[in-house]
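Summary of the model geometry
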Amino acid sequence: MMTRRFPAFITVALLAANLGACSQVRGTGDLGIVVERAAGSVLVVETTHRRALAQVNGLGDLSHASAVYSRDARYAYVFGRDGGLTKIDVIEGRIDRRIVQAGNSIGGAISQDGSLVAVSNYEPGGVRIFDAESLAPVAEIPAVYDATGRRSKVVGLVDAPGRRFVFSLYDAGQIWIADLSTPSAPKIRKFANIGNKPYDALITPEGRYYVAGLYGEDGLALLDLWQPDRGVRRILPGYGRGEESLPVYKMPHMEGWAVAGDLAFVPAVGRHEVLVIDRNGWHERARIPVTGQPVFVMARPDAREVWVNFALPDNDTIQIIDVQTLAVSRTMRPGKAVLHMEFTPRGEQVWVSVRDENRVDVYDTASYEKLAALPADKPSGIFLAARAHRIGF
Amino acid sequence: MASRFWMVLATALWSLACVAELPAERQAQLRHLLSHDCGSCHGLRLTGGLGPPLTPTTLAGKDSPALATIIRHGVPGTPMPPWKAIISDEEARWLAEFMKGTSHDRSTGP
């Protein structure tokens, strides 16, 4: 398996680096993983010298895989499409534990205290909760939404302060808050009629607002977790009113949305625009025309710029929005199928997966120069260990 | 309804015609598109995700022209987009056959 894309000498080098890692003390602040979606493997990467340290194989179907980190930032929990939940030791570059917990999954989250890992499943529709250390099952929350027992696909699962998880029911148009204060007996609060087909969601960096993007209608659903009694409110209703929707060849993502000062940036659905929301009042401030259907809309950590990638047929392009002028300031073409972008914690570098070029590119975010290009087998998501310390990541 | 009738008729007539084999290079591109781009909703192994599974078992009994119509025109009210700007009718029919596994061995895929 190791030799799939890696020439023998690199494998040997990785092995040596790996063995070296075992015998040396190091932190994980500059480590991360890159998902190799087709091979079912991940690369452990290091951002100081911009290199791969190890390849970990045997993770199953990693299409649409995502990851969260343990609170000590040593372990990455990788959520695979096939229901696999794999706990990877990024220091030792190996699988610590792995279970297959459902038939079809979409993502997961880790609780504020790091004790529980939650996975959102399409099949069977619902959320399953596991002990973060042992991956032993702790609780199950079936997303049953009608009297006949139908279960919804679950999307937009995030952690919220107070050992809670918040998620959306795609088929039912609902948002649920699960309180895991008593892990074996989750308390669920349900909000119905939140909008048509929530497809993904995010939580603001301080953990107060949960915002679900709606596929079935123009608009977003907003829940204030400080004041849940006020219910879910629709924001930016009908942002595409009167315009014919353009084809969406890839669903946008809400995770990693951009909050820059009072402004939030989100992808429009079916329009080649990034929507700018004023967080004072949650109304539309501007719409920024971009080259295609936005997929990820990510703020550089200093919030001075917002980087955007796109669905087919514009998925070779990244556009950068200047937050001061609210206009595109730069267009880059890293290569075929730019799937994901991840900034280093302080934002001096951005790591970009270029799937169809089998490469991860690293750019300097001040000069926009390419600093490195790492070989990777059909790379998709990039998840740096600094995510361990952020609410909602 | 009238336009739908003509679409169905045209599709039916097309199905009677012999489908020319696509160039090998285009076939490879379509297999790649299927795994990686269709796969973002239907799963890398087409076992389903936000969209339904597209395995030979689940597609058994569905006819290729109808599947090609779905590929080309999408499913209104769902995230399935119309692919007609990217995939021709002939290519959509090839994809349908390929997914059903009736004319191509899946193991030769990427």
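These figures come from a predicted structure and were not determined experimentally.

So, on to the overall build of chain B. Within chain B, the secondary structure is distributed over 5 helices and 0 strands. Going residue by residue from the N terminus, the α and β elements of chain B occur as α-α-α-α-α. By residue count, 29% of the 110 residues in chain B fall in the buried class. Long-range contacts, defined as pairs at least 24 residues apart, comprise 53% of the intrachain contacts of chain B with a sequence gap of at least 6.

From N to C terminus, chain A includes 1 helix and 32 strands. For 393 residues, the compact-globule estimate of 2.2 N^0.38 gives 21 Å, and chain A sits close to it at 20 Å. For chain A, with 393 residues in total, the buried portion stands at 52%. In chain A, of all internal contacts separated by at least 6 residues, the share reaching a separation of at least 24 is 44%.

Within an α-helix, residues lying three or four positions from one another point in the same direction, as the helix has 3.6 residues per turn. Residue and element names in this part refer to chain B. Three or more residues of helix α4 (residues 64–73) are buried, namely S64, A68, T69, I71 and R72. For α4, the angular spread of buried residues about the axis comes to 165°, placing them on one side. Count one or two residues on from α4 and you reach G74, which has phi positive near 75°.

Glancing now at the interface of chain A and chain B. Chain A puts 18 residues into the contact, and the matching count from chain B is 16 residues. Looking at the side of chain A that touches chain B residue by residue, the classes come out as 9 nonpolar, 3 polar and 6 charged.

Our next topic: helix α2 (residues 24–42) of chain B. Remark: the principal bend of α2 of chain B, roughly 35°, maps to L34 of chain B. Every buried residue of α2 of chain B is accounted for by S35, H36, C38, G39, S40, C41 and H42 of chain B.

Attention now goes to the environment of I318 of chain A. Summarising the element assignment, I318 of chain A is placed in strand β26 (residues 318–322). Distance in space between the C-alpha atoms of I318 of chain A and R330 of chain A is 8.4 Å, their sequence separation being 12 residues.

Time to look at the packing of α4 of chain B against helix α5 (residues 89–100) of chain B. All names here are of chain B. The contact between α4 and α5 brings their axes to 8 Å, and the two run at 120°. Overall, the two elements α4 and α5 adopt an arrangement that is oblique. You can see that α4 and α5 cross each other, and the crossing is right-handed. Contacts between α4 and α5 involve S64, P65, L67, A68, I71 and R72 from the first element and D89, A92, R93, L95, A96, E97 and K100 from the second. Its residues placed into classes, the contact of α4 with α5 shows 7 nonpolar, 1 polar and 5 charged.

Attention shifts here to the sheet that holds strand β15 (residues 187–191) of chain A. Neighbouring strands of a sheet are bound in pairs by backbone hydrogen bonds; such pairs are parallel or else antiparallel. Residues and elements named next belong to chain A. Reading across the sheet, the 4 strands line up as β12-β13-β14-β15 and stay open at both edges, with antiparallel pairing between neighbours. The open sheet has two free edges, formed respectively by β12 (154–160) and β15, since each of these has just one partner strand. For this sheet, the mean angle separating the axes of adjacent strands, direction not counted, is 20°. Here β12 runs beside strand β13 (residues 164–169); their pairing, made up of 5 bridges, is antiparallel. Each residue of the ladder has a partner; that of V154, found in β13, is L169.

Below, the discussion takes up unusual backbone geometry. Residue and element names in this part refer to chain A. With omega at -5°, the peptide bond leading from E123 into P124 counts as cis. The phi dihedral of R50 falls on the positive side, at around 55°, and the residue is not glycine. Given 16 C-beta atoms within 10 Å, R50 falls into the partly exposed group.

Right, let's get into the nonpolar core. I33 and V44 of chain A are the most contacted members of the largest nonpolar core, which totals 126 residues. For V44 of chain A, the contacting residues outside a window of four places in its chain are L31, I33, A52, L53, A54, V56, V90 and G93 of chain A. Among the nonpolar cores identified, the runner-up in size contains 11 residues, and L54, L95, A96 and M99 of chain B belong to it.

The subject of this paragraph is the environment of S66 of chain A. All names here are of chain A. Along the chain, S66 falls in strand β4 (residues 66–69). It is 9.7 Å that separates the C-alpha atoms of S66 and V34, two residues lying 32 residues apart in sequence. Those residues within four positions of S66 in sequence are excluded, and the remaining contacts are F79, G107 and G381.

It is worth spelling out the confidence of the model for chain B at this point. Residues and elements named next belong to chain B. Taken as a whole, chain B shows an average pLDDT of 81; of its residues, 74% reach a score of 70 or greater. By mean pLDDT, the top-scoring element of chain B is α4 (95), and the lowest-scoring one is helix α1 (residues 2–16) (56). The ipTM assigned to the predicted complex is 0.75, against a pTM of 0.88.

Residue and element names in this part refer to chain A. The 4 strands are arranged β4-β5-β6-β7 in an open sheet whose pairing can be described as antiparallel. The open sheet is flanked by β4 and β7 (94–100), the only strands paired with a single partner. The mean inter-strand angle of the sheet, taken between neighbouring strand axes irrespective of direction, is 20°. Note: strand β6 (residues 84–89) against β7, 6 bridges, orientation antiparallel. Residue pairing for β7: T86 is matched across the bridge by R98.

Residues and elements named next belong to chain A. Here strand β21 (residues 263–267) lies mainly inside the structure; 4 of its 5 residues are buried. One ladder, built from 5 bridges, connects β21 with strand β22 (residues 273–278); its direction is antiparallel. Its bridge partner being in β22, F265 is matched across the sheet by V276. The hairpin formed by β21 and β22 contains 5 residues between the paired strands, and G270 there has a positive phi angle of roughly 80°.

Inspection of the secondary structure assignment puts P345 of chain A in the loop between β28 (338–343) and β29 (349–354). Distance from P345 of chain A to L384 of chain A, taken between C-alpha atoms, is 8.2 Å for residues 39 residues apart in sequence.

Criteria and thresholds
Residues numbered from 1 in each chain as written. Chains lettered and ligands numbered in written order. Predicted model: local features only at pLDDT ≥ 70, side-chain atom pairs only at ≥ 80, totals over all residues. Helix = DSSP H or I, 4+ residues; strand = E, 2+ residues; numbered from the N terminus. Buried ≥ 20, exposed ≤ 12 C-beta atoms within 10 Å, placed from the backbone. Contact = placed C-beta atoms within 7 Å. Rg over C-alpha atoms; globule rule 2.2 N^0.38 Å. Arc of directions from axis to C-beta. Nonpolar A, V, L, I, M, F, W, Y, C, P; charged D, E, K, R; others polar. Bend = angle between axes of the 7 residues up to and from the residue. Axes fitted to C-alpha atoms, helices over the stretch in contact; angles between N-to-C directions. Parallel < 35°, antiparallel > 145°, perpendicular 65-115°, else oblique. Left-handed = near helix turned anticlockwise from the far one by under 90°. Pairing = 2+ DSSP bridges. Core = buried A, V, L, I, M, F, W, Y, C linked by C-beta atoms within 7 Å. pLDDT = per-residue confidence, 0-100.

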